[in-house]
Amino acid sequence: MAFWVIIGIILFYTLISSANSLNYPLERSILAGSTRLLTIFLLSYTFSFFVMPVYHQTKFGFWWKTILLMLIGYAIQIAGLQLVNLHYPISSQSVDMSIWGMAQRYLFTFIALFGTFIAFCYFLDIYERQRQIQLLSQFKTEKIALESSFLKSQVNPHFLFNTLNNIYALSLKKSDQTPVIIDRLESLLHYMLYECKADTVLLADEFTFTNSYIALEKLRHREDQCVVNVNITGDVNYQYIAPLLLINFIENAFKHGTKTSFGKSWINMAVSVNSESMHFNLQNSKPLHISTNQPISEYKGGIGLKNVKRRLEILYPGKHELEVKNMKDRFEVNLMIDF
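A few points on the structure. (Residues numbered from 1 in each chain as written. Predicted model: local features only at pLDDT ≥ 70, side-chain atom pairs only at ≥ 80, totals over all residues. Heavy atoms only, no water.)

## Considerations on the side chain of T66
So, point 1. Relative to the assigned elements, T66 resides in helix α3 (residues 59–87).
So, point 2. With residues up to four places along the chain from it excluded, the contact list for T66 reads F47, V51, F114 and I118. (Helix = DSSP H or I, 4+ residues; strand = E, 2+ residues; numbered from the N terminus. Contact = heavy atoms within 4.5 Å.)

This is the structure we're talking about:
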């Protein structure tokens with residue numbers, strides 16, 4: 001609306017100034033100005049509603065429709081001004097009031113006004129598209145954040161489910177370790193519920209958590225049945241990592257690599273940290289021959305492995321490498337993360 005108010009003020013000011021200098025009747029100037037403004041107004045909104053939408057479909061169709069619309073609109077404007085001349089004839093010899101003369105005289109103003117409107121529509125279209133792109137980017141960011149939060153929240157029940165299964169198994173044996181495991185579990189849950197709310201945690205804190213979990217699992221397995229080796233090198237006090245990112249791998253290693261039916265089993269975890277990256281390597285034994293009663297899917301990783309893969313894709317896009325090897329006598333996980 002403001003656009004047309006400004007255009008109308010400029011146009012009528014020009015016409016009234018011209019009428020005063022050429023001694024035109026004021027009524028004629030107002031009628032002629034209204035005719036020109038109305039023609040441009042109708043032409044512009046016809047362009048906006050019927051031609052502008054074609055711009056994003058075919059450039060050729062857009063341009064020929066624009067040119068055709070301009071010719072038709074200009075012809076209507078000149079015809080309207082001729083009607084004004086019939087009611088308010090001018091006998092001035094210095095001004096050519098023929099159709100051709102008027103067409104030449106008003107062409108530049110017509111193109112300038114209509115071109116201004118086209119430019120206005122074009123920049124509005126660019127602004128709207130940029131706004132849609134920003135909104136889409138915002139929605140994608142929010143979706144990724146929600147998905148990441150959901151995936152992290154899945155770790156808690158997954159971890160708790162596995163640990164409660166272990167406690168249940170010990171309680172059936174009336175093991176003296178059951179109260180100790182429950183006490184250790186309480187400290188682990190405290191870390192998961194209260195210290196993992198941030199997007200990242202210190203590597204030192206995360207490895208304190210994983211080491212506590214390994215110590216908890218060791219209570220369930222005698223050393224002559226399962227040997228666990230943990231080796232962490234590098235400074236872990238200055239680098240940060242997404243919380244609960246490694247626990248799924250360690251859980252799977254204990255879940256699938258320490259069954260009593262295997263005989264003597266083992267788990268090796270080696271971590272190397274520097275200022276730029278972290279390399280995490282985890283290996284666990286597996287039976288040379290899987291029993292026919294043992295479902296093969298058990299060795300392919302369940303919801304935990306799928307969860308951590310998706311979290312890595314979201315949190316470290318292009319900054320991680322994950323390799324899971326299923327070899328004859330072992331499973332191996334290699335994870336490289338760039339800080």
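## Some details on a negative patch on the surface
So, point 1. On the surface, E276, E321, E323 and D338 cluster together into a negatively charged patch.
So, point 2. Turning to its location among the elements, E323 is positioned in strand β6 (residues 320–326). (Patch = residues over 30% accessible without salt bridge, like charges linked within 9 Å, V, L, I, M, F, W, Y side chains within 5 Å. Areas by Shrake-Rupley, 256 points an atom, 1.4 Å probe, with all protein chains shown as cover. Salt bridge = Lys/Arg side-chain N within 4 Å of Asp/Glu carboxyl O. Lys, Arg positive; Asp, Glu negative; His and termini not counted. Charge placed at Lys NZ, Arg CZ, Asp CG, Glu CD.)

## Observations regarding the sheet that holds strand β4 (residues 265–273)
So, point 1. Strand order across the open sheet formed by five strands is β2-β4-β5-β7-β6, with mixed pairing between neighbours. Pairing within the sheet leaves two strands with one partner each, and these edge strands are β2 (226–233) and β6. Direction aside, neighbouring strands of the sheet carry axes that sit 5° apart on average.
So, point 2. Where β6 lies against strand β7 (residues 330–338), seven bridges are found, and the strand directions are antiparallel. From the neighbouring strand, K325 faces β7, where its bridge partner is E332.
So, point 3. Where helix α6 (residues 203–218) meets the sheet, its contacts fall on β2, β4 and β5 (277–285), and the angle it forms with β2 comes to roughly 170°.
So, point 4. Against the sheet, helix α7 (residues 247–257) engages β2, β4, β5, β6 and β7, with an angle of about 10° to β5. (Pairing = 2+ DSSP bridges. Axes fitted to C-alpha atoms, helices over the stretch in contact; angles between N-to-C directions.)

## Concerning the packing of aromatic side chains
For any pair of aromatic rings, the description rests on two quantities: the centre-to-centre distance and the angle between the ring planes.
So, point 1. Within this structure, the stated rule accounts for three aromatic pairs.
So, point 2. Ring centres 6.1 Å apart and planes at 85° place the aromatic pair Y213 and F254 in the edge-to-face group. Taken together, the residues Y213 in helix α6 and F254 in helix α7 connect sequence positions 41 residues apart.
So, point 3. Exposure remark for Y213: the relative accessible area of 2% places this residue in the buried category.
So, point 4. The exposure class of F254 is buried, given its relative accessible area of 4%.
So, point 5. Between K286 and the ring centre of F331, over which it is positioned, the NZ or CZ distance is 4.7 Å. (Phe/Tyr/Trp six-rings, centres within 6.5 Å; stacked < 30°, edge-to-face > 60°. Buried < 20%, exposed > 50% of the residue type's maximum accessible area, 1.4 Å probe, protein only. Lys NZ or Arg CZ within 6 Å of the ring centre and 35° of its normal.)

## What about the nonpolar core?
Inside soluble globular proteins, nonpolar side chains tend to come together where they are buried.
So, point 1. In this structure, M278, F280 and L282 are the most contacted members of the largest nonpolar core, which totals 42 residues.
So, point 2. The set of elements that each furnish at least two residues to this core consists of α5 (178–195), α6, β2, α7, β4, β5, α8 (303–315) and β7.
So, point 3. At seven residues, the largest contribution of residues to this core is made by α6.
So, point 4. Once residues lying within four places of it in the same chain are set aside, the contact partners of M278 are L203, F207, I241, L246, V271, S272, V273, L335, M336, I337 and F339.
So, point 5. Within the second largest apolar cluster, 22 residues are counted, among which are F47, Y55, Y74 and Y106. (Core = buried A, V, L, I, M, F, W, Y, C linked by side-chain atoms within 4.5 Å.)

## Some points on α5
So, point 1. Over its 18 residues, α5 extends 25 Å from the first C-alpha to the last, a length consistent with the 26 Å expected when each residue adds 1.5 Å.
So, point 2. Of all the residues in α5, the buried ones are T178, I181, L185, L188, Y191 and M192. Seen along its axis, α5 keeps its buried residues to an arc of 130°; they face one direction. Of the exposed residues in α5, the ones pointing more than 90 degrees away from its buried face are P179, D183, E186 and Y194. (Expected span 1.5 Å × (residues − 1). Arc of directions from axis to C-beta.)

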